[in-house]
Amino acid sequence: MKINCLFFYLVILFNVVGCVSMQKPEVELEAVRFLSMDFESVQLAFDLKVHNPNRIGITLSNWDHDFQLYGHSLLKSEQKTPQSIDALMSSKFEVPVQIRFQEVFQIVKELSQQDTLRYHLFTHFGFDVPLLGRVEIPLEKEGDIPLPKIPEFQIKTLRLNDISLTKAELVLEMNIKNPNTFALSLPEFRYQFLVQNQPWVETNSSISLEAKKENTTSVPISLSFLQMGRSVYTLLTGNQPLNCKLSGNFVIQIALPFFKKDLHFPLELQAQVPLQKS
C-alpha cells in the first residue's frame, strides 16, 4: 500500500513538473555604490540580484567573485553553502570591496600617476534547476574609480616692489594645482611664510580649485627693518636666492556625496627662491 502511494505521488509530481517550461535563473548587477572615499582608500559595494522566473523553487549551489585591478586580483571569495530560491522570488547579494591606494601602487607603481583606476568584477553563479540540471551563469562588470590626489603647492615668485632704509614691500606668489578630474576647495588655508626661518607673513584664506586647473595666489608682505633687524635689509639687497618655507595646514572639501568631509592636512614646503627686483 505504501509503495502504491509513493508511486502515485511520484506520478503527480512528474506530471506537474513535466508541464512546466523551466527557464534559467536571471542574474543582474543592480548597482555599484561608493560608500566612502578619502585620499588613502575607497570603499564600494556591488549589489547583485538573482531571480527565479520559474513556478518551482531552485537551488543556488555556489557563487564566487573575483575583483581585479589591471589583471591583479585584490579580492576573491567563494560561497558553497546551498541556498533555496522560491518560485518567482529573488535573492540579493552584496560584494563589498575596500581598496587601499598605497597597496595598489606597490603592485603597479605607474598607477599613482593616473586619474582613475580601471576595475573588473568577475562573478559566477551555479544553480541546480529541475529538468535543466546544472546551470552556470557568469556576470562581469568593469568601470572606473576616481583616484584622488592632494593639491600641489609651489612658491612661484617673491618680488620686491619697494625698499627704503626702514621698510620693504614685497609680493609672494604661490601656485596651487588641483591634479584631480573633479573640483575641490580649501575652505581653510592657514600658513606662515618664513625666510631664513624668520616669519615674514602669516595669513588665512580660502581657495576654490577647478578640475585640472592651477590657482595663483598673491600675498602682499610689508617688512619693517626696525622690528626685524638690519639682516633682512641685507638679504633683500643681496644677490643670493632666499631660503623660503611655507608652514601651516589646510582643509579639503570635495563635492562628491561619498567623499569624507573636512579632511585636514599639514603643509611643509621649502625652496630656494630668487628675489625678483623691480
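Residue positions are given per chain, counted from 1 along the sequence in the order it is written. Where local features are concerned, this predicted model is filtered to residues with pLDDT of at least 70; where side-chain atom pairs are given and counted, the filter is 80 or more; whole-chain, interface and lining totals use all residues. Note that the side-chain values use all heavy atoms of the structure and ignore hydrogens as well as water.

Novice: Help me understand the nonpolar core, please; the structure alone is not making it clear to me.
Specialist: Take the buried residues of types Ala, Val, Leu, Ile, Met, Phe, Trp, Tyr and Cys, join any two whose side-chain atoms come within 4.5 Å, and each joined set is a nonpolar core. With a 1.4 Å probe rolled over the protein chains alone, any residue whose accessible area is under 20% of its type maximum counts as buried; one over 50% counts as exposed, and the rest are partly exposed. Ranked by size, the top nonpolar core spans 75 residues in total, and within it Ile99, Phe127, Leu158, Leu170, Phe193, Trp200 and Leu236 carry the most contacts. Should any heavy atoms of two residues lie within 4.5 Å, those residues are counted as being in contact. Among residues more than four places away in sequence, those in contact with Leu158 are Leu170, Val171, Leu172, Phe193, Trp200, Ile221, Leu242, Cys244, Val273, Pro274, Leu275 and Gln276.

Novice: So what exactly am I meant to see when it comes to unusual backbone geometry here?
Specialist: One can expect most non-glycine residues to show negative phi and most peptide bonds to be in trans. At Leu88, a position not held by glycine, the phi torsion is positive, near 60°. Each helix corresponds to a stretch of at least 4 residues labelled H or I by DSSP, and each strand to a stretch of at least 2 residues labelled E; elements are numbered beginning at the N terminus. When you line up the elements, Leu88 lands in the loop between β5 (83–85) and β6 (90–100). Assessed through its relative accessible area of 43%, Leu88 is described here as partly exposed. At Gln196, a position not held by glycine, the phi torsion is positive, near 55°. Position of Gln196 relative to the elements: it lies in the loop between β11 (184–195) and β12 (198–209).

Novice: Explain the packing of aromatic side chains here, please?
Specialist: Within a pair of aromatic rings, the relevant descriptors are the distance that separates the centres and the angle that separates the planes. Pairing of aromatic side chains requires ring centres within 6.5 Å, counting the rings of Phe and Tyr and the six-membered ring of Trp. Pairs whose planes differ by under 30 degrees are stacked, by over 60 edge-to-face, and all others tilted. Within this structure, the stated rule accounts for 17 aromatic pairs. With 5.7 Å between their ring centres and 25° between their planes, Phe67 and Tyr119 make a pair best called stacked. Here the residue Phe67 occupies a position in strand β3 (residues 58–69), and Tyr119 occupies one in strand β7 (residues 116–129), the gap between them amounting to 52 residues. Using a relative accessible area of 3% as the deciding quantity, one classes Tyr119 as buried. Ring geometry for Phe225 against Tyr233: centres 5.3 Å apart, planes inclined by 85°, an arrangement best described as edge-to-face. Judged by its relative accessible area of 3%, Phe225 falls in the buried class. Site record: aromatic cluster; members linked through ring pairs are Phe39, Phe153, Phe182, Phe189, Tyr191, Phe250, Phe259 and Phe265. The criterion is that NZ of a Lys, or CZ of an Arg, lies within 6 Å of the ring centre and within 35 degrees of the ring normal, and then a charge sits over that ring. Against the face of Tyr233 rests Arg230, its NZ or CZ located 4.4 Å from the ring centre.

Novice: Explain the confidence of the model for the chain to me, please; I cannot follow it from the model alone.
Specialist: Residues shown with low pLDDT carry predicted positions that ought not to be read at fine detail. Scored by pLDDT, the chain has a mean of 92; 93% of the residues are at 70 or more. pLDDT measures the predictor's confidence residue by residue and takes values from 0 up to 100. Note on residues 8–14: pLDDT under 50 across the span, and 0 contacts to partners over four residues away in sequence or across chains.

Novice: How should I be thinking about the sheet that holds strand β2 (residues 41–51) in this particular structure?
Specialist: Either a parallel or an antiparallel arrangement is found when strands of a sheet pair, and the pairing is made through backbone hydrogen bonds. Within the open sheet, the 3 strands sit side by side as β1-β2-β6. Their pairing is antiparallel. The outermost strands of the open sheet, each flanked by one partner alone, are β1 (26–37) and β6. On average, each strand axis in the sheet is tilted by 20° relative to the strand beside it, whichever way the strands run. Between any two strands, pairing holds if DSSP finds at least two bridges. Note on method: axes are straight lines fitted to C-alpha atoms, helices fitted across the in-contact stretch only, with angles between N-to-C directions ranging 0 to 180 degrees.

Novice: What's the story with the pairing of β2 in this structure? I'm lost.
Specialist: Looking down a regular strand, the side chains alternate between one sheet face and the other. Of all 11 residues in β2, 8 are buried, a share of seventy percent or more. Here β1 pairs with β2 via 10 bridges, running antiparallel. The partner of Ala31 across the bridge, within β2, is Asp47. In textbook terms, the turn of a hairpin is the stretch between consecutive antiparallel strands, and for β1 and β2 this stretch comprises 3 residues.

Novice: Sorry if this is basic, but what is going on with the environment of Ser185 here?
Specialist: With respect to the helices and strands, the residue Ser185 is situated in strand β11. In this structure, the C-alpha to C-alpha distance between Ser185 and Glu214, residues 29 residues apart in sequence, is 12 Å. Discounting chain neighbours no more than four positions away, the residues touching Ser185 are Ile207, Ser208, Val251, Ile252 and Gln253.

Novice: Looking at this structure, I do not really get the sheet that holds strand β9 (residues 152–163). What am I missing?
Specialist: Read from one edge of the open sheet, 4 strands run β13-β10-β9-β16, paired in mixed fashion. Here the strands that pair on one side only, and so sit at the sheet edges, are β13 (214–224) and β16 (275–277). Strand-to-strand, the axes of this sheet are offset by a mean angle of 25°, without reference to chain direction. In this structure, β9 lies alongside β16, joined through 3 bridges in parallel fashion. Bridging from a neighbouring strand, Arg159 pairs with Gln276 of β16.

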